[in-house]
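Letter by letter, the chains look like this.
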Amino acid sequence: MTTAPTLDASRVELPLHAAEVPWRTVVWNDPVNLMSYVSWVFRRHFGFDQPTAERLMMQVHTDGRAVLAEGNREQMERHVEAMHEYGLWATVEKVER
Amino acid sequence: MRGFVAEGERYRAILEPAEARILISLGEQLSQLYADGLAGDPLAEQALTRVLPDAYRDDEEAAAEWRELSRRGLIERKAGFAAAFTEPLRAVADSTTPTAVTLTEGGAIDWMRAIGDLRLILAERLGIVVDGDEGQGGPEGAAELYAWLAWMQDDLVRVLDAPR
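These numbers come from a predicted model, not from an experiment.

Participant: Explain the overall build of chain B here, please?
Facilitator: Broken down by element type, chain B carries six helices and three strands. For chain B, the C-alpha radius of gyration of 17 Å lies close to 15 Å, the compact-globule estimate for 164 residues. For chain B, the spread of C-alpha atoms along the three principal axes comes to 50 × 35 × 30 Å. Looking at the 164 residues of chain B, the share that counts as buried comes to 46%. Expressed as a percentage of contacts within chain B between residues at least 6 apart in sequence, the contacts between residues at least 24 apart total 69%. A total accessible area of about 8200 Å² is found for chain B, and carbon and sulfur atoms account for 50% of it. One way to put it: in chain B the 17 positive side-chain charges average out to a point 5 Å from where the 30 negative ones average out.

What follows is the structure, encoded as structure tokens:
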């Protein structure tokens with residue numbers, strides 16, 4: 001028989017709150033992909049409605065980049081891989097705090 | 001070729017045999033590039049940089065680690081999109097009259113992806129680097145192919161988006 005270990009509360013790592021997760025998926029402008037296609041990919045992959053997808057696509061086009069998602073690193077890498085499958089230029093980056 | 005129409009759950013377009021032969025040739029070049037890239041050929045690796053960009057911009061170590069984990073699988077899936085693009089075109093190419101290609105939704109998405117990858121590689125050859133470049137002055141016919149592929153991809157977006 002054994003006893004439950006004593007937990008040192010100061011060493012227990014709590015899961016990050018959604019608002020604190022420090023990674024994001026960025027899509028960059030490129031001169032090749034069509035605006036209609038980019039908007040379609042944003043709707044298809046991220047599930048955005050048409051106005052949101054259009055707004056983010058225009059942000060990529062005019063600002064050169066847009067943040068498409070925030071979350072943990074593994075999730076962001078999966079988004080980036082999916083964007084690369086669609087031929088979009090996407091990167092993972094750490095959220096500056 | 002006049003564009004895709006939705007028929008039930010499928011998407012259908014009629015192509016000239018000569019159009020199909022051009023598209024097959026492009027698709028096969030793309031497949032070859034992926035095969036050479038998987039084999040580690042440096043010229044193919046260079047040509048594929050636009051299709052397989054780094055996942056980290058300012059962190060070479062993270063970018064290298066990600067390449068190690070993801071690059072092979074990505075190339076294999078992209079090779080699958082290229083094959084899904086060329087295969088349905090073979091019957092059209094072998095015909096003597098305009099012939100229909102019929103795609104499932106998944107097939108249509110594979111076509112959009114393969115066409116997008118072809119445009120990225122053509123853009124590299126045409127020196128298209130900023131918005132507004134049209135690739136004039138590239139190899140004979142390349143700018144026209146680039147524009148034709150754009151039209152096809154846009155047409156697929158349109159038909160997949162059309163209310164059913």
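Participant: Would you mind going over the interface of chain B and chain A with me for this structure?
Facilitator: The figure often quoted for interface size is the accessible area lost as the parts come together. Listed per partner, the contact involves 33 residues of chain B and 27 residues of chain A. Here chain B meets chain A over a buried area of about 2700 Å², counting both sides, of which 54% is carbon and sulfur. Counting every contact that joins chain B to chain A gives five salt bridges. With its nearest N and O atoms 3.0 Å apart, the salt bridge here joins A:Arg43 to B:Asp161. If you look at where chain B meets chain A, you find 11 residue pairs in polar contact (both at pLDDT 80 or more).

Participant: Looking at this structure, how should I read the pattern of salt bridges?
Facilitator: A pair can form between side chains of opposite charge whenever their charged atoms are brought close. Residue and element names in this part refer to chain A. Throughout the structure, instances matching the rule amount to 19 salt bridges over all chains. One salt bridge connects Glu 93 with Arg 65, and the closest N-O pair in it is separated by 2.8 Å. Separated by 28 residues along the polypeptide, Glu 93 in strand E3 (residues 90-94) and Arg 65 in strand E2 (residues 65-71) bring together distant segments of the chain. Classification of Arg 65 as partly exposed rests on a relative accessible area of 25%. A single salt-bridge network, built from bridges that share partners, covers Arg 24, Arg 65, Glu 70 and Glu 93.

Participant: Teacher, can you tell me more about the packing of helix H3 (residues 60-86) of chain B against helix H5 (residues 105-126) of chain B here?
Facilitator: The description of two helices packed together rests on the angle between their axes and the distance between the axes. All names here are of chain B. Put simply, H3 and H5 touch, their axes get as near as 8 Å, and they point 105 degrees apart. Relative to H5, the element H3 is oriented roughly perpendicular. Residue-level inspection shows Lys 78, Phe 81, Ala 82, Ala 84 and Phe 85 of H3 in contact with H5, the latter providing Asp 110, Trp 111, Arg 113, Ala 114, Ile 115, Asp 117 and Leu 118. Grouping the constituent residues of the contact of H3 with H5 by class yields eight nonpolar, no polar and four charged.

Participant: Help me out: how do you make sense of the packing of aromatic side chains in this one?
Facilitator: Two descriptors summarise a pair of aromatic rings, namely the distance from one centre to the other and the angle between the planes of the rings. Residues and elements named next belong to chain A. According to the stated counting rule, one finds seven aromatic pairs over all chains in the structure shown. A centroid spacing of 5.9 Å and a plane angle of 35 degrees characterise the contact between Trp 28 and Trp 89, whose relative ring orientation is tilted. Pair noted here: Trp 28 is in strand E1 (residues 23-28) and Trp 89 is in the loop between helix H3 (73-85) and E3, with a separation of 61 residues, a long-range link. The class for Trp 89 is partly exposed, based on a relative accessible area of 33%. Ring centres 6.4 Å apart and planes at 70 degrees place the aromatic pair Phe 42 and Phe 46 in the edge-to-face group.

Participant: Is there a simple way to think about the environment of B:Val129 in this case?
Facilitator: Along the chain, B:Val129 turns up in the loop between H5 and helix H6 (142-161). Setting aside anything within four residues of it in sequence, one finds B:Val129 in contact with A:Pro31 and B:Arg50.

Participant: Just checking my understanding: could you explain the side chain of B:Glu19 for this structure?
Facilitator: Residues and elements named next belong to chain B. Positionally, Glu 19 belongs in helix H1 (residues 17-38). Summary of buried charges: Glu 19 has no salt-bridge partner, and the nearest side chain of opposite charge, Arg 2, is 9.4 Å away. The residues contacting Glu 19, other than those within four sequence positions of it, are Met 1 and Trp 148.

Participant: Explain the sheet that holds strand E1 (residues 5-7) of chain B to me, please; I cannot follow it from the model alone.
Facilitator: Strand pairing within a sheet occurs via backbone hydrogen bonds; the two strands may be parallel or antiparallel. Residue and element names in this part refer to chain B. An order of E1-E2-E3 is seen for the three strands of this open sheet, with the pairing classed as antiparallel. If you trace the sheet from one side to the other, it starts and ends with E1 and strand E3 (99-103), each paired once. Across the sheet, the mean angle from the axis of one strand to that of its neighbour is 35 degrees, orientation sign disregarded. Of the strand pairs in this sheet, strand E2 (residues 10-15) and E3 are connected by five bridges, and their pairing is antiparallel. Each bridged residue has a counterpart across the sheet, and for Ile 14 the counterpart in E3 is Ala 100.

Participant: Where do I start with the environment of B:Gln32 in this structure?
Facilitator: Summarising the element assignment, B:Gln32 is placed in helix H1. When the C-alpha positions of B:Gln32 and B:Ala79 are compared, they lie 8.7 Å apart, and in sequence the two are 47 residues distant.

Participant: When you look at the nonpolar core in this model, what are you seeing that I'm missing?
Facilitator: A general tendency of soluble globular proteins is for nonpolar side chains to be buried together. In this structure, A:Phe42 and B:Trp111 are the most contacted members of the largest nonpolar core, which totals 78 residues. By residue number, the principal contributor to this core is H5(B), which donates 12 residues.

About the cut-offs
- Residues numbered from 1 in each chain as written.
- Chains lettered and ligands numbered in written order.
- Predicted model: local features only at pLDDT ≥ 70, side-chain atom pairs only at ≥ 80, totals over all residues.
- Heavy atoms only, no water.
- Helix = DSSP H or I, 4+ residues; strand = E, 2+ residues; numbered from the N terminus.
- Rg over C-alpha atoms; globule rule 2.2 N^0.38 Å.
- Buried < 20%, exposed > 50% of the residue type's maximum accessible area, 1.4 Å probe, protein only.
- Contact = heavy atoms within 4.5 Å.
- Areas by Shrake-Rupley, 256 points an atom, 1.4 Å probe, with all protein chains shown as cover.
- Lys, Arg positive; Asp, Glu negative; His and termini not counted.
- Charge placed at Lys NZ, Arg CZ, Asp CG, Glu CD.
- Buried area = accessible area lost by both parts, 1.4 Å probe.
- Salt bridge = Lys/Arg side-chain N within 4 Å of Asp/Glu carboxyl O.
- Polar contact = N/O pair within 3.5 Å; in protein donor to acceptor, adjacent residues only side chain to side chain.
- Axes fitted to C-alpha atoms, helices over the stretch in contact; angles between N-to-C directions.
- Parallel < 35°, antiparallel > 145°, perpendicular 65-115°, else oblique.
- Nonpolar A, V, L, I, M, F, W, Y, C, P; charged D, E, K, R; others polar.
- Phe/Tyr/Trp six-rings, centres within 6.5 Å; stacked < 30°, edge-to-face > 60°.
- Pairing = 2+ DSSP bridges.
- Core = buried A, V, L, I, M, F, W, Y, C linked by side-chain atoms within 4.5 Å.

Without other data, these values stay purely geometric and don't point to any function.
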